[in-house]
Amino acid sequence: MADSKRQQLIDAIDARFKTIKTTNGYETELGNNVFAWRSSPIEAAELPCLLYRDTNETIELTIGAHIHTLTIETEIITSGGTAIKDIRKMLADIIKCIGADLTWGGIAEDTLPVAGEDIKIEQQENIITGAKLSFAAQYVTEPFNPYQ
Amino acid sequence: MSTQSELEQEFFEIEEMDWIDAILLSAGAGSKAVKIQFDNEYQPVNIHTGIIESARPAALIQTSDIEGGGHDALEIDGITYNLIEIQKQNQSIFTILILSKDA
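Keep in mind that this is a model prediction, so the values were computed, not measured. (Residues numbered from 1 in each chain as written. Chains lettered and ligands numbered in written order. Predicted model: local features only at pLDDT ≥ 70, side-chain atom pairs only at ≥ 80, totals over all residues. Heavy atoms only, no water.)

Okay, the pairing of strand β5 (residues 55-62) of chain B next. Residues and elements named next belong to chain B. With six of eight residues buried, β5 is to be regarded as a mostly interior element. In this sheet, β5 lies alongside strand β2 (residues 30-42) in antiparallel orientation, the contact comprising seven bridges. Across the sheet, the residue bridging to F38 is A59, located in β5. Looking at chain direction, β5 and strand β8 (residues 94-100) are connected through five bridges and run antiparallel. Along β8, the bridge assignment pairs A58 with I98. (Buried < 20%, exposed > 50% of the residue type's maximum accessible area, 1.4 Å probe, protein only. Helix = DSSP H or I, 4+ residues; strand = E, 2+ residues; numbered from the N terminus. Pairing = 2+ DSSP bridges.)

On to the sheet that holds β8 of chain B, then. Two modes of strand pairing occur in sheets, parallel and antiparallel, and in both the strands are linked by backbone hydrogen bonds. All names here are of chain B. One closed barrel accounts for six strands, arranged β1-β2-β5-β8-β7-β6; its pairing is antiparallel. Across the sheet, the axes of successive neighbouring strands diverge by a mean angle of 45°, strand direction being ignored. Pairing of strand β7 (residues 79-88) with β8 involves six bridges; the strand directions are antiparallel. Residue pairing across strands places I86 opposite L97, the latter belonging to β8. (Axes fitted to C-alpha atoms, helices over the stretch in contact; angles between N-to-C directions.)

Okay, the packing of aromatic side chains next. All names here are of chain A. Tallied over the full model, the rule gives five aromatic pairs over all chains. Ring centres of W104 and F135 lie 6.0 Å apart, and the angle between their planes is 20°; on these two criteria the pair is classed as stacked. Of the two residues, W104 is situated in the loop between α2 (84-99) and β4 (110-123) and F135 in strand β5 (residues 127-141); the sequence distance between them amounts to 31 residues. Of the two residues, W104 and F135, both sit in the buried class. (Phe/Tyr/Trp six-rings, centres within 6.5 Å; stacked < 30°, edge-to-face > 60°.)

Residues and elements named next belong to chain A. Pairing in this open sheet of five strands is mixed, and the strands run β1-β2-β3-β5-β4 from one edge to the other. Single-partner strands in this sheet number two, and they are β1 (34-36) and β4. Within the sheet, the average angular offset between the axes of one strand and its neighbour, ignoring direction, is 20°. The pairing of β1 with strand β2 (residues 49-62) spans three bridges and is classified as parallel. By the bridge assignment for β2, A36 is matched with Y52.

The next thing to look at is the side chain of R16 of chain A. Residue and element names in this part refer to chain A. Looking at the element boundaries, R16 is found in helix α1 (residues 5-17). The class for R16 is buried, based on a relative accessible area of 14%. Excluding its chain neighbours within four sequence positions, the residues that come into contact with R16 are C97, I98, A100, D101, W104 and G105. (Contact = heavy atoms within 4.5 Å.)

Before going further, it helps to spend a moment on α1 of chain A. Residue and element names in this part refer to chain A. Spanning 13 residues, α1 covers 18 Å between terminal C-alpha atoms, matching the ideal 18 Å at 1.5 Å per step. Within α1 the residues assigned to the buried category are K5, L9, I10, A12, I13, D14, R16 and F17. Those residues of α1 that are buried lie in contact with β1, β2, β3 (65-79), α2 and β5. (Expected span 1.5 Å × (residues − 1).)

All right, on to the interface of chain B and chain A then. Interface size, as often reported, equals the accessible area lost upon joining of the parts. Each partner contributes residues to the interface: chain B has 21 residues there, and chain A has 24 residues. Buried area between chain B and chain A, both sides added, is near 2000 Å², and the carbon and sulfur share of it is 53%. Summed over the three residues of chain B that lose the most area to chain A, namely I47, H48 and D102 of chain B, the buried surface amounts to 32% of that side. Run the count over chain B and chain A and you get one salt bridge. Here K101 of chain B makes a salt bridge to E125 of chain A, at a shortest N to O gap of 3.1 Å. Remark: the boundary between chain B and chain A carries 15 residue pairs in polar contact (both at pLDDT 80 or more). Looking at the side of chain B that touches chain A, the elements with two or more residues in it are β2, β4 (51-52), β5 and β8 of chain B. Top contributing element to the side of chain B that touches chain A by residue count: β5 of chain B, with three residues. (Buried area = accessible area lost by both parts, 1.4 Å probe. Salt bridge = Lys/Arg side-chain N within 4 Å of Asp/Glu carboxyl O. Polar contact = N/O pair within 3.5 Å; in protein donor to acceptor, adjacent residues only side chain to side chain.)

Our next topic: empty space enclosed by the protein. In the structure shown here, the tally under the stated rule is one cavity of 30 Å³ or more. In this structure, the largest cavity occupies an estimated 40 Å³ of space. L51, Y52, R53, E73, T74, E75 and K132 of chain A together with T49 of chain B are the residues that line the largest cavity. Those elements giving two or more residues to the lining of the largest cavity turn out to be β2 and β3 of chain A. When grouped by side-chain class, the residues that make up the lining of the largest cavity number two nonpolar, two polar and four charged. (1 Å grid on protein atoms, 1.4 Å probe; cavity = no way out; pocket = protein on both sides within 12 Å on 5 of 7 lines; lining within 4 Å. Points joined across faces, edges and corners; volume = space filled by probe spheres on them. Nonpolar A, V, L, I, M, F, W, Y, C, P; charged D, E, K, R; others polar.)

Below, the structure written as structure tokens:
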């Protein structure tokens, strides 16, 4: 069964995020824990992690095509002694990862930044830091045909 | 403000609970053995969208044990917790210490 272009795009994003490792030229190992639409609580052993969600999608109508702009929200979560400098490195790695190929293997037409870095810190048993970053991927389908 | 009877009730309720040994650590001022009541209830954190498993450690200590200030940490069962917040209770002989493993 064929996947929709949106699903293909998400699969490409997921696979790309999982390449964020120092062996691939990145500064962090964020790719070891990547979760899409994670709903269950995250255990300490799973940190640091990268969460992402495909949330809002807008569709622009043109002659013979629908232009989709899909917003992807990403969030980095770390715990313990991870310095704020390391959080910024992780954010930089995500930006670098997105920029590696703005078409996600030819599935999208382009990728655009949406919102910058939003960092928050909570201190309980450990210091827990979260940083949020959003981007949007544009892809084209035939009218009312999400598969082509 | 608490009345005398409320304070007495609070004292006797707390007295009935288990007190455990701990060591109060102070930079440059050595350490001091104290008795505390320790609580480390599960309290998940929601930073943006993800829910992270966590706990909220806190200790109840006699106010007289921490008077003078300069206290940095509390060692409980071999684990060192940093003192994040010292919540002195008005008119109470007890103080709540908010703790964290991270400074």
